[in-house]
There are 2 protein chains.
Amino acid sequence: MARVGLTTERLVLAGAELADEVGFDQVTVSELARRFDVKVASLYSHVKNSQDLKTRIALLALEELADRGAAALAGRAGKDALAALANVYRDYAREHPGRYAAAQFRLDPATAAASAGGRHAQMTRAILRGYALTEPDQTHAVRLLGSFFHGYVSLEMGGGFSHSAPDTQETWVRMLDALDALLRNWPASAAATAATTATAATTATTGAETGPASAH
Amino acid sequence: MARVGLTTERLVLAGAELADEVGFDQVTVSELARRFDVKVASLYSHVKNSQDLKTRIALLALEELADRGAAALAGRAGKDALAALANVYRDYAREHPGRYAAAQFRLDPATAAASAGGRHAQMTRAILRGYALTEPDQTHAVRLLGSFFHGYVSLEMGGGFSHSAPDTQETWVRMLDALDALLRNWPASAAATAATTATAATTATTGAETGPASAH
DNA sequence: GTAAATTGCCTAAAAATCTTAGGCAAATAT
DNA sequence: ATATTTGCCTAAGATTTTTAGGCAATTTAC
């Protein structure tokens, strides 16, 4: 019988396209088999199971996103860099909604550790080099930016801001202004200001990061 | 045959508990039937289908969240109110992860309009009364807070900040400090500052809101 | 209190998906 | 040209979703 030339890679890529078309949680081994005009069981030689397929799509999305982020960040600093990375996430989600959803797929710790998640955290941290933040504030800021990027994009994609004025593009621009202002004028810790409490926030930290599917 | 006393309400409540135990997307009519020791088909008299069940769980979660928010906001203003509402979301997600996930369930526009989503938007807007923001900045800020709350909670729940220093509680407190500072010192629009551009950001807006499952 | 109407849970059954086991033929290596 | 590997297949069991129609328990009407 004619061989179609199935590969794990081709399946994952087709799965990512399928996700963009019908939504990540509508991605099914059966539908994928249908698209390759192949029996369902045939896929199980290339992919362990449905979960494995979804995990691989998630890893692909994380890589693509990190690649785009790295390209956007090259040669930029400060607010310019901040806006560039933010736009990468927003644009990617618009162009590839299924893949973006995949990037949020819950990975087991081992897989997450081996994913591109760490690159995302590093990129956010790189942006903060353009602002005068020291640890632990830098980590707090990394987490804040991560929360904001993810939250905004997922709300906008989910229609959370639909059809109401002002339009989302204006909001987006003003939000980036606001975040830039916040980072340039990051408030001192109340504990540090009071300079009285013992359990103050001066513990130096090393490996805390932020980004999709990684520990921040 | 003995009647168990199924009700739409009881099913939805049990579904919410099931979601908290096994995850919202593991909620299945079959499992629910099993828990009531009843045949699957019996549920279809009380719930239209699987999607209907999930929608009802989502609406329940949105109500519960709005109720908690309203209670927390009563008698508070400014940063106190900001922290109170933020903590409501974070605590609810921790206590009821499945319900919180349900609250993110994509509702069709009609259902979303009839949901408690609007209350969430109003609560966020109410907080901003403690800050000197006028439209359209107020709407931008509503959207920023909504993005941040949702993004932070979903990242923390997803393990995005796991096991790295500083701990998330410290980050949480410092983030609320930062957001408070940002709202007290909201940057003027670059367009307004320059006071030159024609398509400036001075359009008055009326019904723009933010909150889960509602238009912001 | 009994008869009639309603309602609740049931059996039965079709369609879809996921997954495993084992087989034959096509590609590849010797 | 033969031997080995590998790719896709058939077959089959388990789950889930959903619809249709039936009988008995409950509620309503007299």
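Values in this document were obtained by computation on a predicted structure and should not be read as measured data.

S.K.: Honestly, the overall build of chain A in this entry has me stumped. Any pointers?
M.R.: Helix and strand content of chain A: eleven helices and zero strands. Going from the N terminus to the C terminus, chain A shows its helices and strands as α-α-α-α-α-α-α-α-α-α-α. Taken across its 216 residues, chain A has 52% of its residues classed as buried. Of the contacts made within chain A by residues no fewer than 6 positions apart, 75% connect residues no fewer than 24 positions apart. Per element, the accessible surface of chain A, about 9800 Å² overall, is 53% carbon and sulfur.

S.K.: Looking at this structure, how should I read the protein's contact with DNA strand C?
M.R.: Close to DNA strand C lie 21 residues; Thr-28, Arg-34 and Ser-50 of chain A together with Gly-5 and Ser-42 of chain B are nearest. Sugar plus phosphate, as a fraction of atoms of DNA strand C within 4 Å of the protein: 67%. Note that a phosphate oxygen of DNA strand C is positioned 2.9 Å from one of the side-chain N or O atoms of Ser-30 of chain A. The set of elements that each furnish at least two residues to the surface near DNA strand C consists of helix 2 (29–36) and helix 3 (40–43) of chain A together with helix 3 (40–43) of chain B.

S.K.: Looking at this structure, I do not really get the protein's contact with DNA strand D. What am I missing?
M.R.: Every one of the 21 residues lining DNA strand D counts as a neighbour, but Gly-5 and Ser-42 of chain A together with Thr-28, Arg-34 and Ser-50 of chain B are closest to it. Atoms of DNA strand D within 4 Å of the protein: sugar and phosphate make up 65%, bases the balance. Residue Leu-6 of chain A places a main-chain N or O atom 3.2 Å away from a phosphate oxygen belonging to DNA strand D. Between DNA strand D and Arg-34 of chain B there is a distance of 2.5 Å, counted from a phosphate oxygen to a side-chain nitrogen or oxygen. At the level of elements, helix 3 of chain A together with helix 2 (29–36) and helix 3 of chain B are the ones that each hand at least two residues to the surface near DNA strand D. When residues in the surface near DNA strand D are grouped by element, the largest group, three residues, is from helix 2 of chain B. Split into classes, the residues belonging to the surface near DNA strand D amount to nine nonpolar, eight polar and four charged.

S.K.: Can you help me understand unusual backbone geometry in this one?
M.R.: Trans is the common state for peptide bonds, and a negative phi is the common state for residues other than glycine. Residue and element names in this part refer to chain A. Residues Glu-135 and Pro-136 are joined by a peptide bond in cis, for which omega reads 0°. Among the structural elements, Pro-136 can be located in the loop between helix 8 (117–127) and helix 9 (137–157). The residue Asp-37 is not glycine, and still its phi comes out positive at about 55°. The topology assignment puts Asp-37 in the loop between helix 2 and helix 3.

S.K.: What's the story with the confidence of the model for chain A in this structure? I'm lost.
M.R.: Should the pLDDT be low somewhere, the predicted coordinates at that spot are not to be read in detail. Residues and elements named next belong to chain A. Mean pLDDT over chain A works out to 88, with 87% of the residues at or above the 70 mark. Confidence scores differ between elements of chain A, with helix 11 (residues 190–194) showing the lowest mean pLDDT of 65 and helix 4 (residues 50–73) the highest of 98. Segment residues 196–211: pLDDT under 50, and 39 contacts once partners within four positions in sequence are set aside and those in other chains are kept.

S.K.: Honestly, the pattern of salt bridges in this entry has me stumped. Any pointers?
M.R.: Pairs can form between side chains of opposite charge once their charged atoms are near each other. Residue and element names in this part refer to chain A. Following the criterion strictly, the structure yields 34 salt bridges over all chains and no others. Across the pair Asp-67 and Arg-119 runs a salt bridge, and its minimum N-O distance is 3.0 Å. Taken as a pair, Asp-67 in helix 4 and Arg-119 in helix 8 lie far apart in primary sequence, 52 residues in all. As a salt-bridge pair, Arg-76 and Asp-80 come within 3.8 Å of each other at their nearest N and O atoms.

S.K.: Which parts of the structure should I look at to understand the packing of aromatic side chains?
M.R.: The geometry of an aromatic ring pair is captured by two quantities: the separation of the ring centres and the angle between the planes. Residues and elements named next belong to chain A. If you walk through the whole model with that rule in mind, you get 14 aromatic pairs over all chains. When the centroid spacing of 6.1 Å and the interplanar angle of 35° are considered together, the rings of Phe-148 and Tyr-152 count as tilted. One end of the pair is Phe-148 and the other is Tyr-152, both in helix 9 and four residues apart, which spans about a single turn. For Tyr-152, a relative accessible area of 0% puts it in the buried group. Residues Phe-148 and Trp-172 carry aromatic rings whose centres are separated by 6.2 Å and whose planes lie at 15° to one another, so their mutual orientation is stacked.

S.K.: Explain the nonpolar core to me, please; I cannot follow it from the model alone.
M.R.: Where a protein is soluble and globular, its nonpolar side chains tend to be buried together. Counting residues in hydrophobic clusters, the biggest one holds 127 residues, and the most contacted among them are Leu-183 of chain A together with Leu-183 of chain B. The greatest single-element share of this core, amounting to ten residues, is contributed by helix 5 (residues 78–95) of chain B. Once residues within four sequence positions are removed from consideration, Leu-183 of chain B is found in contact with Leu-82, Leu-128, Tyr-131, Leu-133, Ala-141 and Leu-145 of chain B.

S.K.: Where do I start with the side chain of His-120 of chain A in this structure?
M.R.: All names here are of chain A. Here His-120 lies in helix 8. Of the residues examined, His-120 reaches a relative accessible area of 0% and is grouped as buried. Side-chain polar atoms of His-120 contact the backbone oxygen of Leu-62, separated by 3.0 Å.

S.K.: Explain the UniProt feature "DNA-binding region" (unreviewed entry) in chain A to me, please; I cannot follow it from the model alone.
M.R.: Listed under "DNA-binding region" (unreviewed entry) in the UniProt record, and renumbered for this structure, are residues 28–47 of chain A. Secondary structure across residues 28–47 of chain A divides into 60% helix and 0% strand, with the first and last C-alpha atoms of the span separated by 12 Å.

S.K.: For this particular structure, what's the right way to read the packing of helix 4 (residues 50–73) of chain B against helix 5 of chain B?
M.R.: All names here are of chain B. Look at helix 4 against helix 5: their axes get within 9 Å of each other, and the N-to-C directions meet at 145°. Seen along the crossing, helix 4 lies across helix 5 with a hand that is right-handed. Residues Ala-61, Glu-64, Leu-65, Arg-68, Gly-69, Ala-72 and Leu-73 of helix 4 touch helix 5, and the partners they reach there are Ala-81, Ala-84, Leu-85, Val-88, Tyr-89, Asp-91, Tyr-92 and Glu-95. Here the contact of helix 4 with helix 5 is built from residues that sort into ten nonpolar, one polar and four charged.

S.K.: Is there a simple way to explain the environment of Thr-124 of chain B in this structure?
M.R.: Residues and elements named next belong to chain B. If you trace the backbone, Thr-124 turns up in helix 8 (residues 117–128). You can call Thr-124 buried: its relative accessible area is 3%. The spacing of Thr-124 and Arg-143 is 19 residues in sequence and 8.9 Å in space, taken between C-alpha atoms.

What counts, and at which threshold
- Residues numbered from 1 in each chain as written.
- Chains lettered and ligands numbered in written order.
- Predicted model: local features only at pLDDT ≥ 70, side-chain atom pairs only at ≥ 80, totals over all residues.
- Heavy atoms only, no water.
- Helix = DSSP H or I, 4+ residues; strand = E, 2+ residues; numbered from the N terminus.
- Buried < 20%, exposed > 50% of the residue type's maximum accessible area, 1.4 Å probe, protein only.
- Contact = heavy atoms within 4.5 Å.
- Areas by Shrake-Rupley, 256 points an atom, 1.4 Å probe, with all protein chains shown as cover.
- Near = heavy atom within 4 Å.
- Polar contact = N/O pair within 3.5 Å; in protein donor to acceptor, adjacent residues only side chain to side chain.
- Nonpolar A, V, L, I, M, F, W, Y, C, P; charged D, E, K, R; others polar.
- pLDDT = per-residue confidence, 0-100.
- Salt bridge = Lys/Arg side-chain N within 4 Å of Asp/Glu carboxyl O.
- Phe/Tyr/Trp six-rings, centres within 6.5 Å; stacked < 30°, edge-to-face > 60°.
- Core = buried A, V, L, I, M, F, W, Y, C linked by side-chain atoms within 4.5 Å.
- UniProt positions renumbered as here; feature names shortened; annotations may be inferred.
- Axes fitted to C-alpha atoms, helices over the stretch in contact; angles between N-to-C directions.
- Left-handed = near helix turned anticlockwise from the far one by under 90°.

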